Amino acid sequence: MSTVIAMKKSSIEPELQKESPSPDTISAATSIPAQPASAATATPSASGRSAERIRTALNVVIPPLLGLALFILAWAAVAQHGKTLPGPLKTWHEAVQLFSDPFYDHGPNDKGIGWNILRSLERVAMGFGMAALLGIPLGFMIGRFDFLNRMTAPVISILRPVSPLAWLPIGLLVLKEAQPAAIWVIFISSIWPMIINTAAGVSKVPQDYLNVARVLNLSEWKIFTKILFPAVLPYTLTGIRLSIGVAWLVIVAAEMLTGGVGLGFWVWDEWNNLNVEHIIIAIFVVGIIGLLLEQCLLLLAKRFEY
Amino acid sequence: MKKYVQLEQVEKVFDTKQGRFVAITDVNLTVRQGEFVSIIGHSGCGKSTLLNLIAGLMPVSGGVMLCAGREIAGPGPDRAVVFQNHSLLPWLTCFGNVHLAVERVFGGKENRDALQRRTEEALSLVGLSHAMHKLPQEISGGMKQRVGIARALSMQPKVLLLDEPFGALDALTRAHLQDELMRVMGSLGATAIMVTHDVDEAVLLSDRIVMMTNGPAATIGEILEVGLPRPRSRLALAEDSHYVHLRGEVLKFLYERHKREAA
């Protein structure tokens, strides 16, 4: 009996797929072959399974590709129509040329794209690194000690919503130089998510874990290393991810104003040269690097999920 | 037998938005060394509150609590707690969870090898040597609770406090762990206070059953001497007339004299 039912199912199943390849039937189909697999119908269900796998893969790949294609098409249409914006093809050729020699150096105002990217990353790393060094421990202390929380709350609430670039004049005034001022802007704008997320994480540590700490009478150091730090790490990593996002968002604007080598200055420079292809390339480069940074941190965060 | 845990006129009052709420009042209880005492009552009667008071997790509002002759002023490893939801740290293995406790209690006196041995012994006592290096999310609920018990026992506490330790487990696992706990407690001769709402569990495991009246202002209604010989066997007791009588007594207390209005 069971074999007959299984046979029927597996013979119906491929047709179902052909008729309507909606996500629903695909997910249903993946669960069905578990039954006929044990019966003597290995061949049809095996071929069906590989077909499914291809289908799921296509389902993953096709929508994003379609989206990108439509975007490029729209861009091409706008470029064709307006005549001021360079089209995708022209930009692509420029990009190939630009990236074929990324590390040339023709004086301070003409360096390869590679140098610009590295310099921008370096500034972000420095500003963000200092923000992390200060912000994460501060977040821990704010979360752990209520007094400190209430003490810092008004200052944080006032300073946090300030636009990053409003900090630049203060940086220029105090630090007297453009380069440290750019790093200062990154620092001050990327510190808040780390403080706030870490503090929130500390206050959300389950009471059960803290009760364990209390019953064991653990020292403050042990509480920190064995309970608080691991419990808060996912929150801190979210904070870091948001901070890096902000830092990368701000770097272009900061560099436009402070100059030097970097993606932001490069965009401004190419605007002065009226080299719009390069500006578009810069936009893509900034976007793609931002995406990569985000993905790296998401990957890292996954490792610390419990 | 000396008095080991002593509660005199213990009272706990919570300040709520609706005003003062007297959770428990006028609680007098003496637990002897090596005794297993269960506290039973309807939910909300303050039995967990009482256990938390003994654990030192919250301060008393009135009265005195002594443990081995010393006043209970706060939580400490001499009163180990087995939490209902096991409360294992998910980023530490079973070994790591127990080792944290062992290290805290014996870290100052013993070297690393001895601490490791203690941890391994505690885990083998609850039959978990094979799962020592697994993370809590990789083992079943029953096994997690065993780790919780191993962690508590590894500290060699003066009193073991169990807060509905098997409440979250299925019936078969629960029975199995009750037998296991009986065996371990029998071999260690440890003092224990357990909060439960399971009548069979109370009668099977305890030397005395403390039955609490309903809150607010709950207090000890009656204390029942169990007096069944040890070691006890679940199967033999099921037909034992004294066991059935005791069980009936607890049920009568809970469902006749202190019946809880439908909540």
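Values in this document were obtained by computation on a predicted structure and should not be read as measured data.

Calculation rules
Residues numbered from 1 in each chain as written. Chains lettered and ligands numbered in written order. Predicted model: local features only at pLDDT ≥ 70, side-chain atom pairs only at ≥ 80, totals over all residues. Helix = DSSP H or I, 4+ residues; strand = E, 2+ residues; numbered from the N terminus. Contact = placed C-beta atoms within 7 Å. Rg over C-alpha atoms; globule rule 2.2 N^0.38 Å. Core = buried A, V, L, I, M, F, W, Y, C linked by C-beta atoms within 7 Å. Buried ≥ 20, exposed ≤ 12 C-beta atoms within 10 Å, placed from the backbone. Axes fitted to C-alpha atoms, helices over the stretch in contact; angles between N-to-C directions. Parallel < 35°, antiparallel > 145°, perpendicular 65-115°, else oblique. Left-handed = near helix turned anticlockwise from the far one by under 90°. Nonpolar A, V, L, I, M, F, W, Y, C, P; charged D, E, K, R; others polar. pLDDT = per-residue confidence, 0-100. Pairing = 2+ DSSP bridges. Expected span 1.5 Å × (residues − 1). Domains from an automatic or database assignment.

For chain A, the helix and strand inventory stands at twelve helices and zero strands. Going residue by residue from the N terminus, the α and β elements of chain A occur as α-α-α-α-α-α-α-α-α-α-α-α. Taking as baseline every contact in chain A between residues at least 6 positions apart, the subset at least 24 positions apart corresponds to 68%.

So, on to the overall build of chain B. Each helix and strand counted, chain B has eight helices and ten strands in total. The C-alpha atoms of chain B give 19 Å as radius of gyration, which agrees with the globular expectation for 263 residues (18 Å, within 12%). Overall, chain B is about 55 × 45 × 40 Å in size when its C-alpha atoms are taken along their principal axes.

One broad rule of soluble globular proteins: the nonpolar side chains tend to lie buried together. In terms of nonpolar packing, the biggest core is built from 115 residues, with Val185(A), Ile186(A), Ile54(B), Leu160(B), Leu161(B), Ile193(B) and Val250(B) touching the most fellow members. Non-local contacts of Val185(A), meaning those with residues more than four positions away in its chain, are made with Pro164(A), Leu165(A), Trp167(A), Leu168(A), Gly171(A), Val250(A) and Ala254(A).

Glancing now at the packing of helix H2 (residues 94–106) of chain B against helix H3 (residues 112–125) of chain B. Residue and element names in this part refer to chain B. For the pair H2 and H3, interaxial distance at closest approach is 9 Å and the crossing angle is 125 degrees. In terms of their interaxial angle, H2 and H3 are classed as oblique. Where H2 crosses over H3, the two elements pack in a sense that is right-handed. Facing H2, whose interface residues are Cys94, Phe95, Val98, His99, Val102, Glu103 and Phe106, H3 presents Leu115, Arg118, Thr119, Ala122 and Leu123. Taken together, the residues of the contact of H2 with H3 sort by class into eight nonpolar, two polar and two charged.

Caution applies to low-pLDDT parts of the model: their predicted coordinates are not meant to be read in detail. Residues and elements named next belong to chain A. For chain A, per-residue confidence averages 83 on the pLDDT scale, and residues scoring 70 or more make up 85% of the total. Per-element confidence in chain A is highest for helix H6 (residues 146–159), whose mean pLDDT is 94, and lowest for helix H1 (residues 2–19), whose mean pLDDT is 40. This model gives residues 1–42 a pLDDT under 50, and the stretch forms 42 contacts once residues within four places in sequence are excluded.

Next up on the list: the interface of chain B and chain A. A common way to state how big an interface is: give the accessible area lost once the parts meet. Contacts between chain B and chain A engage 17 residues on the former and 13 residues on the latter. When residues of the side of chain B that touches chain A are traced back to their parent elements, those giving at least two are strand E6 (79–82) and H2 of chain B. Grouping the constituent residues of the side of chain B that touches chain A by class yields twelve nonpolar, four polar and one charged.

Another point: the sheet that holds strand E2 (residues 19–32) of chain B. All names here are of chain B. As summarised here, the arrangement of the four strands in space is E2-E1-E4-E5, forming an open sheet in which the pairing is antiparallel. The outermost strands of the open sheet, each flanked by one partner alone, are E2 and strand E5 (70–71). Sheet topology places strand E1 (residues 3–16) next to strand E4 (residues 62–67); five bridges connect them, and they run antiparallel. The residue bridging Glu11 from the neighbouring strand is Gly62, located in E4.

Here we come to helix H12 (residues 276–303) of chain A. Each full turn of the α-helix corresponds to 3.6 residues, which orients residues three or four apart in the same direction. Residues and elements named next belong to chain A. Counted at 1.5 Å a residue, the expected span for H12 with its 28 residues is 40 Å, and the 41 Å between its end C-alpha atoms agrees. Taken together, the buried positions of H12 are occupied by His278, Ile280, Ile281, Ala282 and Val285. Along its buried surface, H12 packs onto helix H4 (88–100), helix H5 (113–144) and helix H11 (263–272).

Let us look at the environment of Ala125(A). Topologically, Ala125(A) is positioned in helix H5. Between the alpha carbons of Ala125(A) and Arg55(A) there is a distance of 41 Å; along the sequence they are 70 residues apart.

In this section: the sheet that holds strand E9 (residues 208–212) of chain B. Residues and elements named next belong to chain B. Across the sheet, which stays open at both edges, the six strands sit in the order E6-E7-E8-E3-E9-E10 with mixed pairing between neighbours. On the outer flanks of this sheet lie E6 and strand E10 (220–225), each paired with one strand and no other. Strand-to-strand twist across the sheet, computed as the mean angle between neighbouring axes with direction ignored, equals 20 degrees. Of the pairings in the sheet, the one linking strand E3 (residues 36–40) to strand E8 (residues 191–196) comprises five bridges and is parallel in character. Among the inter-strand pairings, Ser38 is bridged to a residue of E8, identified as Met194.

Summarising the model, chain B shows a mean pLDDT of 90, and 98% of its residues fall at 70 or more. Per-element averaging of pLDDT across chain B places helix H5 (residues 171–188) of chain B at the bottom with 87 and E3(B) at the top with 95.

The next point concerns the domain arrangement of chain B. Residue and element names in this part refer to chain B. Domains assigned within chain B are domain 1 (1–78 + 159–263) and domain 2 (80–156). Taking only C-alpha atoms, the centre of domain 1 and the centre of domain 2 are 24 Å apart. Listed as interface residues are 17 residues of domain 1 and, on the opposing side, 18 residues of domain 2. When residues of the side of domain 1 that touches domain 2 are traced back to their parent elements, those giving at least two are strand E7 (159–163) and H5.

Quick look at unusual backbone geometry now. Between Arg230(B) and Pro231(B) the backbone carries a cis peptide bond, its omega angle lying at -5 degrees. Looking at the secondary structure, you find Pro231(B) in the loop between E10 and helix H7 (234–238). Positioned with a positive phi, Lys176(A) is a non-glycine residue whose angle comes to about 70 degrees. Tracing the chain through its elements places Lys176(A) in the loop between helix H7 (168–175) and helix H8 (178–203). Owing to 9 C-beta atoms within 10 Å, Lys176(A) belongs among the exposed residues under this scheme. Phi is positive for Glu164(B), close to 40 degrees, though the residue is something other than glycine. Mapping Glu164(B) onto the fold places it in the loop between E7 and H5.

One can find Leu237(A) in helix H10 (residues 220–258). Residues Leu237(A) and Leu297(A), spaced 60 residues apart in sequence, show a C-alpha to C-alpha distance of 7.4 Å.

The subject of this paragraph is the pairing of E6(B). Residues and elements named next belong to chain B. Of the two faces of E6, the one lined by Arg79 and Val81 and the one lined by Ala80 and Val82 are each fully buried. In the sheet, E6 pairs with E7 via four bridges, with the strands oriented parallel. Its bridge partner being in E7, Val82 is matched across the sheet by Leu162.

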